[in-house]
Protein chains: 4
Amino acid sequence: MAGSVFGDIFRVTTWGESHGPALGCVIDGCPAGLELSEDDIQPYMDRRKPGTSALTTQRSEADKIEILSGVFEGRTTGTPISLMIRNTSQHSTDYDELKDVYRPGHADYTFDAKYGFRDHRGGGRSSGRETAARVAAGAVAMKLLSKLDISIDAYTASIGIIKAEHNKELMDRLSNPVCMPDDHAAKEVLRFMEECRAAKDSAGGTAECVIKGVPAGLGEPVFDKLDALLGHAMFSIGAVKAVEIGDGISVTSRYGSENNDAMHMEDGRVVFDSNHAGGILGGISNGNDIFMRVHFKPTPSIFSTQNTVNKKGENVELAIKGRHDPVIVPRAIVVVECMSALVITDLLLKNMSSRLDHILKIYG
Amino acid sequence: MAGSVFGDIFRVTTWGESHGPALGCVIDGCPAGLELSEDDIQPYMDRRKPGTSALTTQRSEADKIEILSGVFEGRTTGTPISLMIRNTSQHSTDYDELKDVYRPGHADYTFDAKYGFRDHRGGGRSSGRETAARVAAGAVAMKLLSKLDISIDAYTASIGIIKAEHNKELMDRLSNPVCMPDDHAAKEVLRFMEECRAAKDSAGGTAECVIKGVPAGLGEPVFDKLDALLGHAMFSIGAVKAVEIGDGISVTSRYGSENNDAMHMEDGRVVFDSNHAGGILGGISNGNDIFMRVHFKPTPSIFSTQNTVNKKGENVELAIKGRHDPVIVPRAIVVVECMSALVITDLLLKNMSSRLDHILKIYG
Amino acid sequence: MAGSVFGDIFRVTTWGESHGPALGCVIDGCPAGLELSEDDIQPYMDRRKPGTSALTTQRSEADKIEILSGVFEGRTTGTPISLMIRNTSQHSTDYDELKDVYRPGHADYTFDAKYGFRDHRGGGRSSGRETAARVAAGAVAMKLLSKLDISIDAYTASIGIIKAEHNKELMDRLSNPVCMPDDHAAKEVLRFMEECRAAKDSAGGTAECVIKGVPAGLGEPVFDKLDALLGHAMFSIGAVKAVEIGDGISVTSRYGSENNDAMHMEDGRVVFDSNHAGGILGGISNGNDIFMRVHFKPTPSIFSTQNTVNKKGENVELAIKGRHDPVIVPRAIVVVECMSALVITDLLLKNMSSRLDHILKIYG
Amino acid sequence: MAGSVFGDIFRVTTWGESHGPALGCVIDGCPAGLELSEDDIQPYMDRRKPGTSALTTQRSEADKIEILSGVFEGRTTGTPISLMIRNTSQHSTDYDELKDVYRPGHADYTFDAKYGFRDHRGGGRSSGRETAARVAAGAVAMKLLSKLDISIDAYTASIGIIKAEHNKELMDRLSNPVCMPDDHAAKEVLRFMEECRAAKDSAGGTAECVIKGVPAGLGEPVFDKLDALLGHAMFSIGAVKAVEIGDGISVTSRYGSENNDAMHMEDGRVVFDSNHAGGILGGISNGNDIFMRVHFKPTPSIFSTQNTVNKKGENVELAIKGRHDPVIVPRAIVVVECMSALVITDLLLKNMSSRLDHILKIYG
């Protein structure tokens, strides 16, 4: 209701502000019996955490995950899993002068309009730091999905006008800090980022995400289509301005005969001749790879001078200080994956009760 | 959970199949005291109903709305509003040969994968006809929004490669059957549709939607951002493959300094110098017009021969018969508006309890 | 949210007023593949319907059920099941003089306080007639439960001070109109009802309900305990003023050593030596019979003169006219069963995703 | 869904086990602008915490509350409030021998049946210690309710067969450790508790709760009646076996003419001549005091020898060790109050959107 809860069965509630003592989440509805420890979650935290390259804010956070409940002798108990990350590197005074000023492109003005006031330190709840809690929850979902051989991989497809060329063959994403499956393009991006920084400016970009191994049948007809929930999840990530499923926008200028994915049988299984649909038909997975493209705006925090207003209703000039990512996409990659994992996991659990024969398998 | 419920406070449940006796919806949570009659809803039904032009299926349905509950002496009572539309023109035998065949681009295969079998007549629950119930619910939301001077207008921005030119000055959308604010382009579209029909093919296109009058402050931080819920709503419409908010994909290649919307004061109000954000910052409305672009794939029902498989696991050829829209966008315009209305209305009601001073206004 | 939705997975939305054109419900989340027809539901409607004995209102309604969606070729499709009952015997003018008067013991005053006005005809949405839609939904749940050999039987345990003696051996409840498993007591009740009627008065009573065959493990810890949801369901039935689980109130004066149910093994199964707990431990079913007692107040509609006020704020005297049950319990028996069925069914479906091994059984 | 979430708008998620590192809760949906600090919550924690008298377990916990998010400069921000209590006095080895044994009257067997295994230390999630997190959440609700002059007071009405006499004039509940508004009865209870302890046994009892100042109009018709939600909340407290609203069970043997609460006008307000209904009509508050009686079973943890079974399926004898309350009621008093506060608060927020005139007051 108030927006910090996601999912119906695998239900995640996140909490925490950028400059509060900690952030975290509670997962209610994780099935019992899943092996789980901090070691399953920490690698995801590490991929998201700041300070790892020239592309990210220099805020230095260990982002160490603590499991506070829901796991006993190495396995989930079926009761709520509480995860916490302590904040350790808040420089709240960096934000003192922003207390009454509305940064362009940020949620400062809208939070004040909604709540009457706001925690201005580092953006408070609207900070990208909030995604740390989502990543923690998503890592648990990923562990569950791995039991069913479902994998989710995202990568940077473009930054500014620089596009990755070879994104089909996913390279080790840790080999370059841009998370691009194309080292040549990645180098260009690093050069471009230097230019942005020199110009006190920032850039946008695009992530792509491939989900493999999802059985046919996930997604609920009508309002909770798989693509509707993925769209919801992606647009819930700050700075996302567009989402495409499968071939996305390009389908609008195609003929139906070009765009339909024909089917044939192969080894007793239905095989699609193409995957324009991105693995989803009528809102339900068809067994093909699910493919999604997620578009991010440039980081709104820029160091050049901008015109804006303050809480008193005065026109003011603002030059933002502090520690900010010049582009958000590389750090958002793991967030895209983890939000996708939450969607798939919840639909997987929902789909269990969709058929009488499923029910008889459990209780019959 | 099972996908036919939308909204948290203004909660809509839809039901009905293409070839069943009727379709409808129940709205639980509509505030008491709103004047409402069938006359408020029927015009929206008429805009969506088939058979009105060469662009739409020739299935002839009156789509007459009946209010079965929740309205007394011309006003809503605060209890559930049940709305029903009788089906009258089912030609179910048209679909007999589809009983065991999976139409490419349709949900036939995925429904079978999910449920083990399906109502094959006219697509059953996966039919576009299901949107009639959404439009009925949306019309009630529209009536409520009109009390707060909030308006929602969508139109066809492109069909195939034909784009409307003058879409800023919204023309009377009923003046051409394409719902394009550009009569010249509309004529080209009609010509193009003839070509498609002759080629036994279909086309896709793009809708745009403008929401005016939304007060700043709607939308919930983190997961239930206004854009996340609009994205959810739009992707829940069959055939939608991409959604853009504000300037959408184009922002990915901009600099932050170009993309941020600067602010200044004007007559004591905050005014944005531009609206790249499309009226939403940090997932919360900023008082600007909300702008959205919704991309539809070509109608998958085409009359040319396609390769596919049947339920028995055999390769078969299929040439679809029946009555189908050669392009879905013009009829989807009112669906885009109505789904937007459901999102805005629900967030408007949710936002009422966001502040202690609101609460004291009601109970203090 | 607004109160006409029940259940999370097997989610029922009811609608309709006593004197509107119809009442009904929509079930979203019924598993696919369950054989279902009107014949499965109508017997439950018939047990609840008015006019069947001297104990019930003489309003004569056929309460004929119509399935409008969600069933195809005799089986549920997994999509919403819409059920409707037409009202046929509204005597709305009976209620004209109640338009502005608040009947004692009724919701007239509170509906006006909440909504500002109300549909006064027959109590509108607050009428006991609303339970017809619950019974329809519950009958579908009953059909599902029967596949797992779960049975739910309620009966009248007392009316006024007359208690049924032999309630352990459930007699055919249709053999007497009181639904008492004790013909002698039933006859006394009929005599007592004559006295009530002569005195222009009404009576209360108690229902008991036994649920057999529920597997151990249903119910969610903490807030959604099985007993919490049964309590919720029972108190949602108008006129219920107390609910007891197992031995109920009597346990408050016992010692722990008396009240604990000891266990031993029998044929490889855990067997409880007693069932003081009523089949529920820690909010979760233990495999024993679930037992519940539900207490109803006397029908508030009485024909003797009462002091009350009207909408204008005047003191007035009121002698209710119309057609009313002199005691509500016998007709509420099937409502108790059906609400219980909704609770058990929803928990059964929820519990499917509680364990990793369940998940592997479906998808592994 | 999985049971650790309560409320729709003021939504509380609790987490934590008896012997884990901590317990806590997250409140999503608390309105912005409410003054709040640990000092508002700690007094409620102190009333519930163990070790304060001979009546409670000797486990010594400070139950110190920490606010981790959602409060900025002394006021709630509208975003999630995360509250945590560290466990400090776990004696987990006390429970080693219970690892595979099912304690009668406890959830050991049912947790194993549900999840396949369980955290046996101190009952894990099924421990009464879990209520600490509810009390923390309830204290925040209480602070909100105090702004509207709504008060909630519970007290011990009986322990075993000893009943408090003067419970109308609520005495300072801290003056005796039994929380009885009758010092004479309280002394008898203390004597009785000594007997229980000597007999290695335990006792049950009854709490009563009065809620004052609730405006008429709260509660949702049909399923989410105010009494239904109170019933749900009370039965969600471990050991509760019966709940009565208003005059409760006694109404079953009354005539309607005795039980109806007549109304008259007084100083322009509707006044009820009596309050048999306990402040609720048709599931909606009528402005009268809300009255409720909650019945608890004897503590199942007793030190005398009991027959039971173990996980291996063997009959065993069990004499429980450890630290346990000989009666649960005195410590449950604050839990009854806090759960009531959650119900009232959520309904208060829900009711805001029930009428168009409310909406126009906020946005018009």
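Everything that follows concerns the structure shown earlier in this document.
Residues numbered from 1 in each chain as written. Chains lettered and ligands numbered in written order. Predicted model: local features only at pLDDT ≥ 70, side-chain atom pairs only at ≥ 80, totals over all residues. Heavy atoms only, no water.

**Comments concerning the relation of the copies chain D and chain C**
Test applied: When the copies are overlaid, the least-squares fit takes in C-alpha atoms only where the residue has pLDDT of at least 70 in both copies. Here a residue-residue contact requires only that any non-hydrogen atoms of the pair lie within 4.5 Å.
Mapping chain D onto chain C calls for a rotation angle of 180 degrees and an axial translation of 0.0 Å; the resulting RMSD is 0.0 Å. Such a combination of turn and shift is consistent with a two-fold rotation axis. Taking C-alpha positions as the reference, the residue of chain D nearest the rotation axis is His232 of chain D, at 2.3 Å. An overlap of 100% is found between the interface residues of chain D and their copies at the interface of chain C, pointing to a shared contact surface.

**Some details on the pairing of strand β16 (residues 290–296) of chain C**
Residues and elements named next belong to chain C. The line we're drawing: Categorising residues by exposure relies on relative accessible area from a 1.4 Å probe, with only protein chains included: less than 20% of the type maximum marks a residue as buried, more than 50% marks it as exposed, and the intermediate range marks it as partly exposed. The helix and strand labels rest on DSSP assignments: H or I over at least four residues marks a helix, E over at least two residues marks a strand, and numbering proceeds from the N terminus. For two strands to pair, DSSP has to find at least two bridges joining them.
Here β16 lies mainly inside the structure; six of its seven residues are buried. With seven bridges connecting them, strand β10 (residues 205–212) and β16 associate as antiparallel partners. Across the sheet, Glu208 pairs through a bridge with Arg293, a residue of β16.

**Structural notes on the pairing of strand β4 (residues 65–69) of chain A**
All names here are of chain A. Summarising burial for β4: four of the five residues are buried, a large majority. With four bridges joining them, β4 and strand β7 (residues 81–86) adopt antiparallel strand pairing. Paired with Ile65 across the strands is Ile85, a residue of β7.

**Quick word on the side chain of Ser82 of chain D**
For Ser82 of chain D, the position within the fold is in strand β7 (residues 81–86). For Ser82 of chain D, the residues in contact, after removing those within four places along its chain, are Trp15 of chain A together with Cys25, Val26, Glu66, Ile67, Leu68 and Ser69 of chain D.

**What to know about the relation of the copies chain B and chain A**
Relative to chain A, chain B is turned by 180 degrees and slid 0.0 Å along the rotation axis, the superposed coordinates differing by an RMSD of 0.0 Å. An overlap of 100% is found between the interface residues of chain B and their copies at the interface of chain A, pointing to a shared contact surface.

**Details of the interface of chain D and chain C**
Keep this limit in mind: Simply put, the buried area is the total loss of 1.4 Å probe accessible area from both parts when two parts are fitted together. Put simply, a salt bridge is a Lys or Arg side-chain nitrogen that is within 4 Å of an Asp or Glu carboxyl oxygen. Here a polar contact is recorded for every N or O atom pair within 3.5 Å, except that within protein the pair must consist of a potential hydrogen donor and a potential acceptor, and residues adjacent in sequence are included only if both atoms are side-chain atoms. Following the grouping adopted for this structure description, the nonpolar residues are Ala, Val, Leu, Ile, Met, Phe, Trp, Tyr, Cys and Pro, the charged ones are Asp, Glu, Lys and Arg, and the polar ones are all others, Gly among them.
Counting from both sides, the interface comprises 105 residues of chain D and, opposite them, 105 residues of chain C. Taken together, both faces of the contact between chain D and chain C bury some 8,200 Å²; the carbon and sulfur share is 63%. If you sort the residues of chain D by the area they bury against chain C, Lys114, Phe223 and Lys241 of chain D come out on top, with a joint share of 11%. For the pair chain D and chain C, the number of links is two salt bridges. Close ionic contact of Lys114 of chain C with Glu220 of chain D constitutes a salt bridge, the shortest N to O distance being 3.2 Å. On inspection of chain D and its partner chain C, the count reaches 42 residue pairs in polar contact (both at pLDDT 80 or more). If you tally residues by element for the side of chain D that touches chain C, the top one is helix α2 (residues 108–115) of chain D, at seven residues. Of the residues contributing to the side of chain D that touches chain C, the split by class is 47 nonpolar, 38 polar and 20 charged. When strand β11 (residues 240–245) of chain C meets strand β11 (residues 240–245) of chain D, the two strands line up antiparallel, connected through three bridges. By the bridge assignment, Ala242 of chain C is partnered in β11 of chain D with Glu244 of chain D.

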